[in-house]
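Read off the chains here:
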There are 4 protein chains.
Amino acid sequence: MQIDKYKIDEHNNSLLKDHKRRFEFAAEGVAGLEGILKKLVDFQIAIPSWALGTGGTRFGRFSGGGEPRTIEEKIEDVGLLHSLNKSGGAISLHIPWDIPKDAKAIKALAAQHGLRFDAVNSNTFQDQPDQKLSYKFGSLQHVDKATRKQAIDHNIEVIKHGVELGSDSITVWLSDGSCFPGQLNFRKAFQRTLESLHEIYVALPDNFKMFVEYKAFEPNFYSMTVGDWGQSLLYASKLGPKAYTLVDLGHHLPNANIEQIVALLLSEGKLGGFHFNDSKYGDDDLTVGSINPYQLFLIFNELVEGMDARGMQHATDLGWMIDASHNVKDPLEDLLQSIEAIKIAYAQALLVDTKTLQAAQEVSDVAKAQEILQQAYRTDVRALVAEARLRAGAALQPLQLYRNLKVRENLIKERGQKTVATGL
Amino acid sequence: MQIDKYKIDEHNNSLLKDHKRRFEFAAEGVAGLEGILKKLVDFQIAIPSWALGTGGTRFGRFSGGGEPRTIEEKIEDVGLLHSLNKSGGAISLHIPWDIPKDAKAIKALAAQHGLRFDAVNSNTFQDQPDQKLSYKFGSLQHVDKATRKQAIDHNIEVIKHGVELGSDSITVWLSDGSCFPGQLNFRKAFQRTLESLHEIYVALPDNFKMFVEYKAFEPNFYSMTVGDWGQSLLYASKLGPKAYTLVDLGHHLPNANIEQIVALLLSEGKLGGFHFNDSKYGDDDLTVGSINPYQLFLIFNELVEGMDARGMQHATDLGWMIDASHNVKDPLEDLLQSIEAIKIAYAQALLVDTKTLQAAQEVSDVAKAQEILQQAYRTDVRALVAEARLRAGAALQPLQLYRNLKVRENLIKERGQKTVATGL
Amino acid sequence: MQIDKYKIDEHNNSLLKDHKRRFEFAAEGVAGLEGILKKLVDFQIAIPSWALGTGGTRFGRFSGGGEPRTIEEKIEDVGLLHSLNKSGGAISLHIPWDIPKDAKAIKALAAQHGLRFDAVNSNTFQDQPDQKLSYKFGSLQHVDKATRKQAIDHNIEVIKHGVELGSDSITVWLSDGSCFPGQLNFRKAFQRTLESLHEIYVALPDNFKMFVEYKAFEPNFYSMTVGDWGQSLLYASKLGPKAYTLVDLGHHLPNANIEQIVALLLSEGKLGGFHFNDSKYGDDDLTVGSINPYQLFLIFNELVEGMDARGMQHATDLGWMIDASHNVKDPLEDLLQSIEAIKIAYAQALLVDTKTLQAAQEVSDVAKAQEILQQAYRTDVRALVAEARLRAGAALQPLQLYRNLKVRENLIKERGQKTVATGL
Amino acid sequence: MQIDKYKIDEHNNSLLKDHKRRFEFAAEGVAGLEGILKKLVDFQIAIPSWALGTGGTRFGRFSGGGEPRTIEEKIEDVGLLHSLNKSGGAISLHIPWDIPKDAKAIKALAAQHGLRFDAVNSNTFQDQPDQKLSYKFGSLQHVDKATRKQAIDHNIEVIKHGVELGSDSITVWLSDGSCFPGQLNFRKAFQRTLESLHEIYVALPDNFKMFVEYKAFEPNFYSMTVGDWGQSLLYASKLGPKAYTLVDLGHHLPNANIEQIVALLLSEGKLGGFHFNDSKYGDDDLTVGSINPYQLFLIFNELVEGMDARGMQHATDLGWMIDASHNVKDPLEDLLQSIEAIKIAYAQALLVDTKTLQAAQEVSDVAKAQEILQQAYRTDVRALVAEARLRAGAALQPLQLYRNLKVRENLIKERGQKTVATGL
């Protein structure tokens, strides 16, 4: 299924009058309005190939209908989403769930949908049917050299796929760790992991980045060998300038101040990118902004400020990916909601009166500093985000149009009710 | 496979001298030694039928070999374990993973192994292949009456299976809840769940108990409809005298004082029983006592004290079950370690000098109260636990004998390497 | 110091044009606008007498200037605040920090400022200079009967003060608990506390309510004898219809779903009221809405829905108090920000399209349910809240006017730089 | 008060027979027994000068009697403790609570008690009466250069005191951070703090170490500028080889794996030392080993293994300090219990069969690895620890002797009931 441009125009026309009223109100007095809108237009978030099917937990998985059965259908799904909001212009592939057999053809298909390939993802947290050695006790940390070698080779293979597809980064998430005291020698596990990462690192093409993702717990429940930002930064620093830390919002201990971590990593020049999602208890993989949208805003506030300070281009210098699991919603709807939440947070952060904030900070005027952030956050920026979409040729109300066009119903007709996408 | 009694005797004889020395040392000066040993002999912990295969997470499951393929083989496994430690004399069945086709035959088989049937468990957190209505959005809380009815009927069916097998309790664990704000009306969800539970409650035979299990999160990640002990107690109180709260040690928010909850539930006459495991982060389902054994001891300390105060029989008046997941260990070894940890904690609790403790409490002598608990906890009671096993006809060192007899290797030979038991 | 009405008018006039534009935009299409505004006007939040000075931690306290030195000056401070926002029309006294020597005069003084007396608060968590028996090891839970008696008598004394002042409720917050395993017998501590509460309960006048506040930890760090909502509800249920649970937002374990607790307590008819604040780690006592404003909105969403379902009057049937500590801000500024955050959350909750939400819930349309809540939350309601203030005779921008009028500077001039208010 | 040696001998003689029996049992089959006993004898833990009075919380402080009123009396207290257990042979001073007026005399006094001076501690988390600039908004991070300078100068002053007393390290704990989003620019705060630390660093004598302590929260409740081990390590790495990370066990987010942090810091050569205590919720400052003794053991297990791997001397190469608060116990009793818990954990860790453990790790035999750790942990090592005390000339049962000798009663007689020691 594809969404004809005229359907979007039709939709936009029907909402235009009301939109204009809202936009004019929202735009009034906004300094640098055009620059903000341009940033919103340019900002693209990558969609992971594994997020297009219904997610699940160890307790169960309740598939919806019309899930993509192939990598081509996954590209079609991201294409649909991107045509609705012009903000999901990249796809992040997971190997081996989505191995492109004909990279050129896949790249061309993606291009037709206006999509490029973002970071590629390796998988050494599961055993594949044809796999020689098991990752039951880890991969890059494994006590057995041959198992480490297998995992290293897999990562290098993934990089090759990435190169063929025009990606310029690999995300290495390791589930390596231990479930019980005594299982691992922490020091040796760190050392082995570092050596394994190093072997992958030296295989990186010149323009390639390696993102070292950390996670506090799960699937290992006593220790994780890349367990927090401190460890990830240690690895990335020892590896070299192409290695960076990747922040997944759900991968922290309770109450962690993620925005501070983001600010420090950025300041160290070692922030690689994000996996966006939201959580209340752990790696819940909920829709971005559905639990604590103020935290999301605060993270973007650090990004806007920190990237300005480093002279970075917001939209392109970091890896922006969603990494959520859609257990009780239509995945495409969930992704539309996620991107909307991200754009809103970004727009609010762009509205922060930085100069006045800095002035307040310089005199420790805490109440005023809070006022300034809240002033931006309490502003209803939805019309600004919608205007950016309008200018980019997307729909004013993507989710509404998605429902009006009965996209899911059509996908079910095309693909069937009982399809199950690869993924978790 | 079965373990011949003479193998156990052989094993015990080879260790007897050393054991005697240790036991004599441990026994010296212990008040009420014989009573303590008897309690240790009598104390039986139920093994859940789903804990005999390798567990997993949503990220993967790495099966070991020789897993039981049928309910008969599961009973065989529990039989093996029970013959080694004479402490796992009950099995807790999960329906529909383990539906006995011929209850009488199954009951007879269990009896041959010295096993009885503990609480039966219903499952409305997964959809079964032949199931009419989905539990994607809950079961007993579902907005759709027919779905609730289906879940109620399933529970009543489970009770029937229990009756046939000689079980006298049903554990109702509901994954019901919500993943996002707005998904549920909390009040109505509570009300619907209460009504559904009531329909199950009225179907209970006279001697049957209902255990209402609570859990803070997972698989729902915003709210759980039976989320904490307060909610479970509300349900149990409104339902009536046959309804009780069941405490799973891993089902709490971070830092919860579980021993206090246990004490209060016991004091209210509403503690039904336990699901034993250990955890560091959430419902990690780790081996009992592997992360915080002092907490386990403190829980048993409350149980010993509270049951004494209520005139209860320790070993039989509550439901004692293990509910762990064995992701990186041989399940039977893990269960042997779990039972050992439970017995140790129980033995230490039985050693607490209750009178002196109460006297210290009466004068708020905090340092002394701590000394008294630590005095018991720091005592090496393994020889007492081993002596209880010896007297019961079990092995002095069950895990050691298990390995010496190459039980797993034999099971793999009998059942094959690639078997996968039903369960999570 | 007092703020002349004409200063407020002057301030409002200068902002009126811009306000009108914003209000008209905000009001467009709002169903039941007048009803909403009226609710916002009526909604009053009580200010605790201990919140008017700079707060601190065990590590230090950095007093600001011009803190109120007497109960009269505290009333003056609340009067100032109330004249600015007409939303803080009640004061919650803490005994013995603020014992009114002449209740009649104090009541008259408060009335002059348009203030009434909300819940009175007892204090058995500190020893007073002239106190006979110490609360080092608890008060209502104490093993010593005379100490319990002393604490009971104090609470009854506090009720008497409340009666004289026209208050109709007492908040009982107990720091009772234990710091170490073994220190307390949980069951007996619960029982003693219940009996002590009962003696206070029977001393309540007919129209008086007792709020039983719970707290997860601090100042006791192993157990709290009223530690969670489940325990508080147990006490309140056993005590009788005049006893209620009070929810302090910062008194929970990490990740607790407070809005669900609120919904259940309301549904049980046992929600007494709130202590508003915000927190990231524990009982941080931060400005309301400064850390997780979406959670605040979700709580109000439950309140609006639940009170409608019970036919309650939102503004008057529950106790609404702030309980924050102002360590790094001017207390009055902090309180103005807190009340603004509360009103915004309330206004957003009033905007929720309840009917459509219920319809979405009835068909488990999770994405839509989320949309509806976010639709209300993302709306900029500040102009509605400001309009309510305008109609009530308060300032459009209370904090701005507070600063323009140099209130703090004036208070310092009147009272001195080095004054320290009683409190924590 | 001083404890005569003959009182200790008397006490030991009365217990000797029973001790011998226990020691012989405990010693049987222990490989390297004499080496272990020597390590236990040598291992000394520093007592902080602020831990000799009753601690408190912001809610209250309930002083006991006989608290030391001067630095001389504090040394006397530590001397008493050390004479009882010969394990607290160092004192850690806090400036300005305990400024030695005559360093030489103080040093001589300490030497008389067999005490040396461990790390000195600076204090920039409180304002002192005569202080020019306030630390309300931080010290080394402060936006005002003069305030930073004042804090730097204070730290340099503290080092000078340390030099005079023969100390060779300074512990810098900063309460610096923020209470609200927006208050701080994280990047600049980090940078300013780093620069300030650098100025202190360059003032270090050659043999001096700087310990950079981290803390997750409190007294700042939104961010801490040295908030976790990752940040502390960043500072320490940038500062140079004399800067190290200090681990306070209570300064972590919920569920943190502290033993892994310890292992990694040790492996990086950046572990400076410890502040020992225990906690259930946060920085509870409870008696060491009173909440989770297995965690304490696991930490020591990493230390023993890691220090062996680095060829370090266990007893002297790291800073070992207690940092607890004694709110409901006699401080000296609490300290005796703490040291006992530390020694027990250390002894258990020394019993771990490292070779077999490593062999199990090399084949991922998780169950066996757990068995090996539990084997050591479940061993009753109290007789070994007591034997080490006996050989060092200390009491077999220090707490018992402390009570028998009525030390506290004597101190009250000497110093009075209402004395309050400086500290928190």
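Residues numbered from 1 in each chain as written. Chains lettered and ligands numbered in written order. Predicted model: local features only at pLDDT ≥ 70, side-chain atom pairs only at ≥ 80, totals over all residues. Heavy atoms only, no water.

Quick word on the overall build of chain A
Selection criterion: By the criteria applied, helices consist of DSSP H or I runs no shorter than four residues and strands consist of E runs no shorter than two, each listed in order from the N terminus. When a residue's accessible area, from a 1.4 Å probe over protein chains only, is under 20% of the maximum for its type it is buried; when over 50% it is exposed; and in between it is partly exposed. Accessible surface is estimated by sampling points in the Shrake-Rupley manner with a 1.4 Å probe; for residues, cover comes only from the protein chains shown. Neither His nor the chain ends contribute to the count of charged residues, in which Lys and Arg are positive and Asp and Glu negative. In this description, the location of a charge corresponds to atom NZ of lysine, CZ of arginine, CG of aspartate or CD of glutamate.
Regarding its fold elements, chain A presents 15 helices and 13 strands. If you line up chain A on its principal axes, its C-alpha atoms span 65 × 60 × 40 Å. With 424 residues in all, chain A has 70% of them scored as buried. Surface exposure of chain A reaches about 13,800 Å², of which carbon and sulfur atoms provide 50%. Within chain A, the 54 negative side-chain charges are centred at a point lying 2 Å from the centre of the 47 positive side-chain charges.

What about the relation of the copies chain D and chain A?
To keep things clear, this is the line we draw: Copies overlap after least-squares fitting; the atoms used are the C-alpha atoms of residues with pLDDT of at least 70 in both. Contacts were defined at the residue level, with two residues in contact if any of their heavy atoms lie within 4.5 Å.
In the superposition of chain D on chain A (RMSD 0.0 Å, axial shift 0.0 Å), the rotation amounts to 180°. The operation mapping one copy onto its partner corresponds to a two-fold rotation axis. It is Gly-230 of chain D whose C-alpha, among those of chain D, lies nearest the rotation axis, at 2.1 Å. Looking at chain D, 100% of its interface residues are interface residues in chain A too, so the copies touch through the same face.

Digging into the interface of chain A and chain B
Spelled out, the test is: Here's the idea: put two parts together, see how much 1.4 Å probe accessible area each one loses, and the total over both is what we call buried area. By definition, a salt bridge exists where a carboxyl oxygen of Asp or Glu is found within 4 Å of a side-chain nitrogen of Lys or Arg. Under this definition, polar contacts are N or O atom pairs within 3.5 Å; protein pairs additionally need one hydrogen-donor-capable and one acceptor-capable atom, and for neighbouring residues in sequence, both atoms have to be side-chain atoms. Under this grouping Gly is polar, as are all residues other than the nonpolar Ala, Val, Leu, Ile, Met, Phe, Trp, Tyr, Cys and Pro and the charged Asp, Glu, Lys and Arg.
In this complex, chain A contributes 44 residues to the contact, which on the side of chain B involves 44 residues. Across the chain A to chain B interface the summed buried area is about 3,900 Å²; carbon plus sulfur atoms make up 68%. There are 6 salt bridges connecting chain A and chain B. Across the salt bridge formed by Arg-58 of chain A and Asp-285 of chain B, the nearest N and O atoms sit 3.0 Å from each other. Linking chain A with chain B are 12 residue pairs in polar contact (both at pLDDT 80 or more). When the residues that make up the side of chain A that touches chain B are grouped by side-chain class, the tally is 21 nonpolar, 13 polar and 10 charged.

Some thoughts on the interface of chain D and chain A
The interface is formed by 49 residues belonging to chain D together with 49 residues belonging to chain A. Together, the buried faces of chain D and chain A total about 4,300 Å²; carbon and sulfur atoms form 58% of this surface. The largest per-residue losses of area from chain D upon contact with chain A belong to Phe-186, Arg-187 and Gln-260 of chain D, which jointly make up 14% of the total buried on that side. The interface formed by chain D and chain A includes 4 salt bridges.

Section: unusual backbone geometry
Pro-219 of chain A follows Glu-218 of chain A through a cis peptide bond whose omega is 10°. Structurally, Pro-219 of chain A can be placed in the loop between strand S9 (209–213) and strand S10 (223–224). Residue Ile-95 of chain B is joined to Pro-96 of chain B through a cis peptide bond whose omega torsion reads 20°. Positive phi outside glycine occurs at Glu-218 of chain A, with the angle close to 80°. For Glu-218 of chain A, the position within the fold is in the loop between S9 and S10. Of the residues examined, Glu-218 of chain A reaches a relative accessible area of 13% and is grouped as buried. For Lys-86 of chain C, which is not a glycine, the phi torsion comes out positive at approximately 45°. Counting through the fold element by element, Lys-86 of chain C comes out in the loop between helix H3 (71–85) and strand S4 (90–92).

Some thoughts on the relation of the copies chain A and chain B
In summary, the two copies of the chain are related to each other by a rotation about an axis coupled with a shift along it. Mapping chain A onto chain B leaves a residual RMSD of 0.0 Å; the transformation is a rotation of 180° accompanied by 0.0 Å of translation along its axis. When you check the interface residues of chain A against chain B, 100% turn up at the interface there too, and the contact is symmetric in its surfaces.

Description of helix H7 (residues 229–239) of chain D
All names here are of chain D. Among the 11 residues in H7, 9 count as buried, and that is most of the element. Every buried residue of H7 is listed here: Trp-229, Gly-230, Gln-231, Ser-232, Leu-233, Leu-234, Tyr-235, Ala-236 and Leu-239. You can read the cap of H7 off the contacts: a side-chain oxygen lies 3.2 Å from the backbone nitrogen of Gly-230, and it is on Asp-228. Looking one or two places after H7, you find Gly-240, whose phi comes out positive at around 135°.

Considering the packing of helix H6 (residues 186–202) of chain B against helix H8 (residues 258–267) of chain C
The test is simple: Structural elements are reduced to axes, namely lines fitted to C-alpha atoms, with helices fitted over the stretch in contact, and the angle between N-to-C directions of any two is expressed from 0 to 180 degrees. Working rule for handedness: look at the near helix, and if it is turned counterclockwise from the far one by less than a right angle, call the crossing left-handed; if clockwise, right-handed.
Closest axis-to-axis distance for the H6 of chain B/H8 of chain C pair is 9 Å, and the angle between their directions is 65°. With respect to the hand of their crossing, H6 of chain B and H8 of chain C are arranged in right-handed fashion. Each of Phe-186, Arg-187 and Phe-190 of chain B in H6 of chain B lies in contact with H8 of chain C, whose residues at this interface are Glu-259, Gln-260, Ala-263, Leu-264 and Ser-267 of chain C. By residue class, the composition of the contact of H6 of chain B with H8 of chain C is 4 nonpolar, 2 polar and 2 charged.

Concerning the environment of Phe-62 of chain A
Within the fold, Phe-62 of chain A resides in the loop between strand S3 (60–61) and helix H3 (71–85). Owing to a relative accessible area of 14%, Phe-62 of chain A belongs among the buried residues under this scheme. Leaving out residues up to four positions away in the same chain, Phe-62 of chain A has contacts with Thr-54 and Asn-327 of chain A together with Phe-125, Gln-126, Asp-127, Ser-134, Tyr-135 and Lys-136 of chain B.

Things to note about the packing of aromatic side chains
Note the cut-off: Working definition: rings of Phe, Tyr and Trp (its six-membered ring) pair if their centres are within 6.5 Å, and the pair is stacked with planes under 30 degrees apart, edge-to-face with planes over 60 apart, and tilted otherwise.
Summed over all chains, the structure comprises 80 aromatic pairs over all chains. With a centroid separation of 5.7 Å and 10° between ring planes, the pair formed by Phe-276 of chain A and Phe-300 of chain A is classed as stacked. Of this pair, Phe-276 of chain A sits in strand S12 (residues 271–276) while Phe-300 of chain A sits in helix H9 (residues 293–310), and the two are 24 residues apart along the sequence. Phe-300 of chain A shares its class with Phe-276 of chain A; the two are buried. On the numbers, 5.6 Å between centres and 40° between planes, the contact of Phe-300 of chain B with Tyr-346 of chain B is tilted. A residue pair is termed long-range when its members are at least 10 positions apart, and Phe-300 of chain B in helix H9 (residues 293–310) and Tyr-346 of chain B in helix H10 (residues 331–351) qualify at 46 residues.

Description of helix H2 (residues 33–42) of chain D
Residues spaced three or four apart along an α-helix point in a common direction, a consequence of the helix completing one turn every 3.6 residues. Convention followed: Taking the helix axis as origin, the arc is that swept by the directions to the C-beta atoms.
Of all the residues in H2 of chain D, the buried ones are Leu-33, Ile-36, Leu-37 and Leu-40 of chain D. All buried residues of H2 of chain D fall inside an arc of 95° around its axis, so they share one side.

With respect to the pattern of salt bridges
What the rule picks out here adds up to 108 salt bridges over all chains. Residue Asp-283 of chain A pairs with Arg-58 of chain B through a salt bridge whose shortest N-O separation is 2.7 Å. Taken together, the residues span two chains, with Asp-283 of chain A in the loop between S12 and H9 and Arg-58 of chain B in the loop between strand S2 (56–57) and strand S3 (60–61). With respect to class, Asp-283 of chain A is no different from Arg-58 of chain B; both count as buried. Of the charged contacts, one joins Lys-238 of chain C and Glu-268 of chain B as a salt bridge, the two residues approaching to 3.0 Å between their closest N and O atoms. Taken together, the residues span two chains, with Lys-238 of chain C in helix H7 (residues 229–239) and Glu-268 of chain B in the loop between helix H8 (258–267) and strand S12 (271–276). The class of Glu-268 of chain B is partly exposed, set by a relative accessible area of 26%. One salt-bridge network, held together by shared partners, links Arg-58 of chain A together with Lys-215, Glu-218, Asp-283 and Asp-285 of chain B.

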